[in-house]
Amino acid sequence: MTEPRPPWSSRRRKTLLWLAVGAVLGALGAVGLPAEWGVTAAFLGALCAFLVVVALVVFVTVPGPDTLGTLLRTPPLAGAVLVVAVLLVLSNPTGSSVRWLWVVAAAVAAAWTAFAVWETRRSGG
């Protein structure tokens with residue numbers, strides 16, 4: 001028989017609540033604010049709505065404490081981030097003003113992948 005999931009902490013509930021409030025306020029701002037302010041509010045509301053979905057997926061996938069540590073020790077996630085970062089480096093021309101950002105992101109993702117694989121091998125699984 002499986003163990004029941006532990007209840008979510010108040011921090012997780014508050015995170016979801018505030019992100020949902022941000023999504024609603026962004027939608028309201030998109031409707032009620034003039035031109036550029038409305039567009040900015042819409043983008044921020046959409047970002048909050050996206051982060052609500054991401055947080056829900058993470059909170060359901062990683063129950064209990066030490067969510068960040070668990071995510072840091074997950075090689076498939078680190079590898080996926082590395083692939084995306086390398087593709088961003090390769091898709092930007094050499095003289096691009098943001099290429100350095102993607103190179104740094106790829107280096108950090110490579111270090112994260114190495115750490116995740118090392119931690120997984122060290123702990124036996």
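Structure: see above.
Conventions used here
Residues numbered from 1 in each chain as written. Predicted model: local features only at pLDDT ≥ 70, side-chain atom pairs only at ≥ 80, totals over all residues. Heavy atoms only, no water. Phe/Tyr/Trp six-rings, centres within 6.5 Å; stacked < 30°, edge-to-face > 60°. Lys NZ or Arg CZ within 6 Å of the ring centre and 35° of its normal. 1 Å grid on protein atoms, 1.4 Å probe; cavity = no way out; pocket = protein on both sides within 12 Å on 5 of 7 lines; lining within 4 Å. Points joined across faces, edges and corners; volume = space filled by probe spheres on them. Nonpolar A, V, L, I, M, F, W, Y, C, P; charged D, E, K, R; others polar. Salt bridge = Lys/Arg side-chain N within 4 Å of Asp/Glu carboxyl O. Helix = DSSP H or I, 4+ residues; strand = E, 2+ residues; numbered from the N terminus. Expected span 1.5 Å × (residues − 1). Buried < 20%, exposed > 50% of the residue type's maximum accessible area, 1.4 Å probe, protein only. Contact = heavy atoms within 4.5 Å. Polar contact = N/O pair within 3.5 Å; in protein donor to acceptor, adjacent residues only side chain to side chain.

Q: Please explain the packing of aromatic side chains as it appears in this structure.
A: Any pair of aromatic rings gets described here by the distance separating the centres and the angle formed by the planes. Considering all chains together, one arrives at one aromatic pair under this definition. The ring of Trp118 carries Arg122 above its face, with NZ or CZ at 5.0 Å from the centroid.

Q: What is the right way to read the layout of surface pockets from this model?
A: Summary: where empty space remains is shown by rolling a probe the size of a single water molecule over the atoms. Here the largest pocket defines a volume of roughly 240 Å³. Taken together, Pro6, Pro7, Trp8, Ser9, Arg11, Arg12, Thr15, Phe59, Gly64, Pro65, Asp66 and Thr67 make up the full set of residues lining the largest pocket. A breakdown of the residues in the lining of the largest pocket according to their chemical character gives five nonpolar, four polar and three charged.

Q: Explanation requested: the pattern of salt bridges in the structure shown.
A: Side-chain pairs of opposite charge can arise whenever the charged atoms involved come near each other. Within the structure shown, the criterion is met by two salt bridges. The partner of Asp66 in a salt bridge is Arg73, and the shortest N-O contact between them spans 3.1 Å.

Q: Sorry, what's going on with helix α5 (residues 99–123) here?
A: In an α-helix there are 3.6 residues to a turn, and that puts residues three or four apart on one side. The first and last C-alpha atoms of α5 sit 36 Å apart over 25 residues, in line with the 36 Å expected at 1.5 Å per residue. Looking at α5, one finds that the buried residues are Ala106, Ala109, Thr113, Ala116 and Glu119. On its buried side, α5 packs onto α3 (67–72) and α4 (75–91).

Q: Please clarify how the side chain of Thr67 should be interpreted in this entry.
A: Here Thr67 is to be found in helix α3. Separated by 2.3 Å, the side chains of Thr67 and Arg12 make a polar contact.

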